[in-house]
Amino acid sequence: MTSRLPLDRIRKDTPGVDHVLHFNNAGAALPPQIVLNTVVGHLEREAAIGGYEAAGEASDRLEAVYDSLARLIGADPHQIAVVENATRAWDMAVYGYPFAEGDRVLIGRAEYASNVIALLQLQKRHGVEPVLIEDDGHGQIDLLNLEAELARGAAMVALTHAPTNSGLINPVEAVGALCKQYDVFYVLDACQSAGQVPLDVGRIGCDVLSGTGRKYLRGPRGTGFLYAGPRALERIEPPFLDLHAADWTTDTTYEIRPGARRFENWEANYAGRLGLGAAVDYALELGVEAACERLCRLADSLREALSGLESVSVHDKGAIRGGIVTFTVDSMDSADVKAQLSALRINTTMSPTGHARLDLGRRGLDSLVRASVHYYNTDDEVARFVSAVGRLRHSDNWTAP
């Protein structure tokens, strides 16, 4: 299949590809040069004229970040908040939701540790009841099981679109249709899917969506965003407020600001925000659909090649799979695999059970090696990676491929 992306230009835009084989894009992708220039450029202006003054000078560009994020997910700019990361975005919405004791929150096995830990804390505080929806035969959330639990009653569905520990892409639009049918509030964690697959909150039907900048959007670390739809803006009061999120109207009263920026706070990393905007604009220019097509093809090729190695087991799930590829190597600890690949300037990471206990624990997996591709990776890099993994079992005489 011929890529619709200008790969030579993209790799020229990505200085990191000259230094590492980067298969840790689900951790933090290599940023394009425009993101680096934008962040450094704003820091230089802060140094030259002052932080407040630099933010004032860049006010139009900072406003444009909301427009870009809205275009990315099919929302309106007033429904977007820019925050520190996807977890903070998710927390601001879920911790602010007006739960009553006994409210049921339906979750899947793919949920990330931070989300489940938060719900367990809300269970202690407010008597919320997390309810686990089992997987179907493909390893994605079981829609029949979900509907049965929705029919029993639920306050919220909290779903991870693309989990940290497998290639799974959950059927989020089908989940949204069921939430609409049963009038249940729908929170979607799009931390791994923003920039990896096309997102349209209207088609998905979610009330809240959280995302990050550093992963498939190729933005700076410490940047994230929150989409808050009409029902979210109507129901949710942020768990904490400041003079940005609310106006102090009299000595003893305040008024929460309209729109999603109520979920922000006053102090922010303005260089990071501008870098996030540059990353989103870069993604929009290339086209997320074309990016998804290419990175999914590379991931499929990687899965197939790794599966052909006698010593390797691939552990991905899902009827539809994205750019994350997880595997184990016989008789080797995942941390050792990661370390040996790192010595060859090949970047991966590992997913321990504690990051996805509901899934990995059930499958009896202590940890996985996670190799996550992006559209700027190449077929040659896939081949080099597979060759390196194939030589790991001969580590005593191991040399770089």
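Everything numeric here is computed off the predicted structure, so don't read it as measured data.

Analysis parameters
- Residues numbered from 1 in each chain as written.
- Predicted model: local features only at pLDDT ≥ 70, side-chain atom pairs only at ≥ 80, totals over all residues.
- Heavy atoms only, no water.
- Pairing = 2+ DSSP bridges.
- Helix = DSSP H or I, 4+ residues; strand = E, 2+ residues; numbered from the N terminus.
- Axes fitted to C-alpha atoms, helices over the stretch in contact; angles between N-to-C directions.
- Contact = heavy atoms within 4.5 Å.
- 1 Å grid on protein atoms, 1.4 Å probe; cavity = no way out; pocket = protein on both sides within 12 Å on 5 of 7 lines; lining within 4 Å.
- Points joined across faces, edges and corners; volume = space filled by probe spheres on them.
- Nonpolar A, V, L, I, M, F, W, Y, C, P; charged D, E, K, R; others polar.
- Buried < 20%, exposed > 50% of the residue type's maximum accessible area, 1.4 Å probe, protein only.
- Core = buried A, V, L, I, M, F, W, Y, C linked by side-chain atoms within 4.5 Å.

Draft legend 1. Quick peek at the sheet that holds strand β15 (residues 367-372). Strand order in the open sheet formed by 4 strands is β11-β12-β15-β14, and the pairing between neighbours is antiparallel. Single-partner strands in this sheet number two, and they are β11 (312-314) and β14 (349-352). The sheet shows a mean angle of 40 degrees between the axes of neighbouring strands, taken without regard to direction. Of the strand pairs in this sheet, β11 and strand β12 (residues 324-329) are connected by 3 bridges, and their pairing is antiparallel. Across the sheet, Val314 pairs through a bridge with Phe327, a residue of β12. Sheet strands in contact with helix α12 (residues 288-307) are β11, β12 and β15, and its direction is about 15 degrees off that of β12.

Draft legend 2. Region of the structure containing empty space enclosed by the protein. Applying the stated rule across the entire model yields 1 cavity of 30 Å³ or more. Here the largest cavity defines a volume of roughly 30 Å³. In terms of residue class, the lining of the largest cavity is made up of 5 nonpolar, 5 polar and no charged.

Draft legend 3. Broad picture of the pairing of β14. Taking every second residue as pointing to the same face, the buried face of β14 carries Thr349 and Ser351, while none of Met350 and Pro352 on the other face is buried. Across 4 bridges, β14 lies against β15 in antiparallel orientation. By the bridge assignment for β15, Ser351 is matched with Leu368.

Draft legend 4. Spatial organisation of the nonpolar core. Leu69, Ile73, Val157, Tyr186 and Leu209 are the most contacted members of the largest nonpolar core, which totals 47 residues. No other element matches the 6 residues that helix α4 (residues 59-73) contributes to this core. Setting aside its immediate chain neighbours within four residues, Val157 contacts Leu106, Leu146, Leu150, Val175, Cys179, Val184, Phe185, Tyr186 and Val187. Formed by 28 residues, the second largest nonpolar core is a distinct cluster that contains Ala89, Met92, Val187 and Ala232.

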